[in-house]
Amino acid sequence: MAQLFTYPEARRDSNVVDEYHGQKIADPYAWLEDPDGEETKAFVDAQNQVTMPYLEKCEVRKPFHQRLKELWDFPKYGCPKKRGSRYFYFMNTGLQNQSVLYVQDSVDGEAKVFLDPNTLSDDGTVALRGYSFSEDGEFFAYGLSSSGSDWVTIKFMKVSTAEQLPDVLERVKFSCMSWTHDGKGLFYNMYPKEPGKADGTETTTNLNQKLFYHVLGTQQEKDILCAEFPDHDKWMSGAELSHDGRYIVLSICEGCDPVNRLYYCDMQTLPNGIDGLLPWVKLVDNFDAEYEYINNTDTVFTFKTNLKAPKYKLINIDFAKPEMEHWTDLVAESETDVLEWSACVAEDKLVLCFLHDVKNVLQLHNLSSGAKVTTFPLDVGTITGYSGRKQDNEIFYQFTSFLTPGIIYNCDLTKEQLTPGVFREIKVQGFDASLFETKQVFVASKDGTKIPMFIVHKKGIVMTGDHPVLLYGYGGFNISITPSFSVSRIVFIQNLGGILAIPNIRGGGEYGETWHKGGMLANKQNVFDDFQSAAQFLIDNKYTAASKIAINGGSNGGLLVGACVNQRPDLFGCSIAQVGVMDMLKFHKFTIGHAWTTDFGCSDKKEEFEWLIKYSPLHNIRVPADDTVQYPSTLLLTADHDDRVVPLHSLKYIAELQDVMRNVSKQTNPLMIRVDTKAGHGAGKPTAKVIEEYSDIYAFIAKTLGLNWQD
């Protein structure tokens, strides 16, 4: 059968060969690493000219887009947060590109617009990225990012009048925003100026982050340098103020592992205030464990830690007796549940959020003893929002699940009976949860490890072995994939007869640090085995057939998709890789890629190179040996302002894939890439762009799996 698609001819430069520990590795598309090269731009245009007309012609695209837009148009609310005497919350009326921040004088008072990011650009591509109120709630600092880039500009407002202040902070990325309690200024992180541009389309590496203090009403060049690490150019830090405003707690990390150094500075030891590099006390000066500040009562500090506790616990450290032998457990590690976060509230209480078999459990504990007071009632799902601080007597928390768009609860902690009430329920017009069901199964992986998997489908379907499945995975960086509400997935289930399957594969944080370590570094193949075992389970249990499985993942999940398609092209009918890490030998050389070596390893080291070369998606593309097997229909997605996983990963991968399979007559499935503009890794993407992207993805899935639209 003749090939159905004519792909752009990309120049193969056979002269580019890199040597790794005595092994020569060709890199014929290294020229695609230059985002500004005319040849790169021409390649991107030529690819889009193949992909976009194909997507536009997909029969399902128009009805899917229309239905998605209709269902998406429901009001979305966040938890109210009390700051000073006022309450603030985010709300999106439905199809607004960015959510709007509202202010109220009381929790049931009239809401006024405080900050509307939609007014900052015509197309919604300027997004809010981080914000912070001064302790008295009178000043507001907020970060803005353009076109999806990780670069942030910090601006300031006076809260009472909502007026913009002249202060502007640039070259900010991966930053804290922490006000001193006198409201005079805030700590933030900045990278030094480098030659060349810094708009999110560059690939230059981010090194030497520094901590500064900005005094409100002054120019950025006058900002005070408070911490730098000239001998450790990859270190990144974040400062926060203790609840009493006396201590600056500094957390330092080197990559993405859940470990940090812990320094502090007692502001009572600064006779002239903050006027230069701070005299940091090094409480923990190694990367053995993670320490996250929760509370302090005078010198007794409570931290959440994974020190000898892979599922995390709360410990107390007295700064007056800081030696480790004096450290005590406040809430011991659970045998079964992962402690995800904790917050001090109502002066003497702690809210603890656990993960039990990928479902959240919310508890209230006593601060002084650590003893449990109560467990709040919750359905099977995820806490996606929380507010309540030490000085507040009430908490708000938001619950969501695969079939629950969102319920915000509040609870008054001064009452005898701690009974949470529904503060606000989010309703989606035209969505009836009673027509669907969710179940959790446990799948045996290749090595026998039991992998939990959520499955969502219409009620009453018969297991005929031919339902289309969307199999989504991530598997890395200690990130847990918990139940969430997705309009696009609901449309896939409702109108394309689909089944959603989400296996909680190793590498994530679903069962704590042990689960994470089981899928990182030398163990990364476990992640791919877990995912492939999940696909096999769905086939064996008559949910579907290999030709009806579409796999999807983004970022580290894009790597998952690329590796699995190379290893088992026969197991899937369609693959969707969004902003994936595809070149595992060079990822650490671009932007913030060096931070991921904690999860992946680094090709500079021989042993780690041996792990990476075995699964690196770019380096393992081969014509399937079996004459009846071709590559699944493949759609890669990336964007010009992705400065997290730079587009070169996807560009090099598609160039190689198309080249290897170009003249292979059995390859009749499409191999395509969609490159967006004025978009980044995903955070802050305007609603209009998100709807277009999902419509393209599901149109491609429907077309290539042979699915028809069902009203």
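Just above sits the structure.
Heads up: these notes are all about the structure in this document. (Residues numbered from 1 in each chain as written. Predicted model: local features only at pLDDT ≥ 70, side-chain atom pairs only at ≥ 80, totals over all residues. Heavy atoms only, no water.)

Attention shifts here to the side chain of Gln209. Along the chain, Gln209 turns up in the loop between β12 (185-190) and β13 (210-215). Taking relative accessible area as the criterion, Gln209 reaches 2% and is therefore assigned buried. A polar atom in the side chain of Gln209 sits 2.9 Å from the backbone oxygen of Phe174. At a separation of 3.1 Å, a polar atom in the side chain of Gln209 contacts the main-chain amide nitrogen of Ser237. Aside from chain neighbours lying at most four places away, what touches Gln209 is Lys173, Phe174, Asn189, Met190, Tyr191, Trp235, Met236 and Ser237. (Helix = DSSP H or I, 4+ residues; strand = E, 2+ residues; numbered from the N terminus. Buried < 20%, exposed > 50% of the residue type's maximum accessible area, 1.4 Å probe, protein only. Polar contact = N/O pair within 3.5 Å; in protein donor to acceptor, adjacent residues only side chain to side chain. Contact = heavy atoms within 4.5 Å.)

Counting across every chain of the model gives 50 aromatic pairs. Considering the side-chain rings of Trp235 and Phe287, the 5.6 Å spacing of their centres and the 85° angle between planes classify their relative orientation as edge-to-face. Here the residue Trp235 occupies a position in the loop between β14 (224-227) and β15 (236-241), and Phe287 occupies one in the loop between β18 (281-284) and β19 (291-297), the gap between them amounting to 52 residues. Residue Trp235 is classed as buried on the basis of its relative accessible area, which comes to 6%. Given a relative accessible area of 22%, Phe287 falls into the partly exposed group. (Phe/Tyr/Trp six-rings, centres within 6.5 Å; stacked < 30°, edge-to-face > 60°.)

On to the pattern of salt bridges, then. A complete count under the given rule lists 37 salt bridges for this structure. Linking Lys689 and Asp676 is a salt bridge whose minimum nitrogen-to-oxygen distance equals 3.2 Å. You can see Lys689 sitting in helix α10 (residues 687-705) and its partner Asp676 sitting in strand β38 (residues 671-676), a full 13 residues away along the chain. Linked through salt bridges whose partners overlap, the residues forming this network are Asp27, Glu33, Asp583, Lys586 and Lys652. (Salt bridge = Lys/Arg side-chain N within 4 Å of Asp/Glu carboxyl O.)

Attention now goes to the sheet that holds strand β28 (residues 394-401). Strand pairing within a sheet occurs via backbone hydrogen bonds; the two strands may be parallel or antiparallel. The strand order across the open sheet built from four strands is β27-β28-β29-β30, with neighbouring strands paired in antiparallel fashion. The two strands at the open ends of the sheet, each matched to only one other strand, are β27 (382-387) and β30 (421-425). Looking at each pair of strands side by side, their axes are set apart by 25° on average, direction ignored. Note that β27 and β28 share five bridges and pair antiparallel. Paired with Tyr386 across the two strands is Tyr397, which belongs to β28. (Pairing = 2+ DSSP bridges. Axes fitted to C-alpha atoms, helices over the stretch in contact; angles between N-to-C directions.)

What follows is about helix α9 (residues 648-661). The first and last C-alpha atoms of α9 sit 20 Å apart over 14 residues, in line with the 20 Å expected at 1.5 Å per residue. By the criterion of burial, α9 is predominantly enclosed, with 12 of the 14 residues buried. Elements that come into contact with the buried residues of α9 comprise α1 (38-57), α6 (556-567), β37 (633-639) and β38. (Expected span 1.5 Å × (residues − 1).)

The end-to-end C-alpha distance of α6 is 17 Å, a good match for the 16 Å that 12 residues give at a rise of 1.5 Å each. Counting buried positions over the 12 residues of α6 gives 11, a clear majority of the element. Those residues of α6 lying buried are Asn556, Gly557, Gly558, Leu559, Leu560, Val561, Gly562, Ala563, Cys564, Val565 and Asn566. In this fold, the buried residues of α6 make contact with α5 (524-540), β35 (549-554), β36 (574-578), α7 (597-600), α8 (606-615) and α9.

The full count for this structure, using the stated rule, is zero disulfides. Free cysteine: Cys176, not disulfide-bonded; nearest cysteine sulfur from Cys226 at 9.8 Å. (Disulfide = S-S within 2.5 Å.)

With that out of the way, let us pick up the side chain of Asp392. As for its placement among the helices and strands, Asp392 is situated in the loop between β27 and β28. Within the buried set, Asp392 has no salt-bridge partner at all; the shortest N-O distance to an opposite charge, 4.3 Å, is to Arg389. (Lys, Arg positive; Asp, Glu negative; His and termini not counted.)

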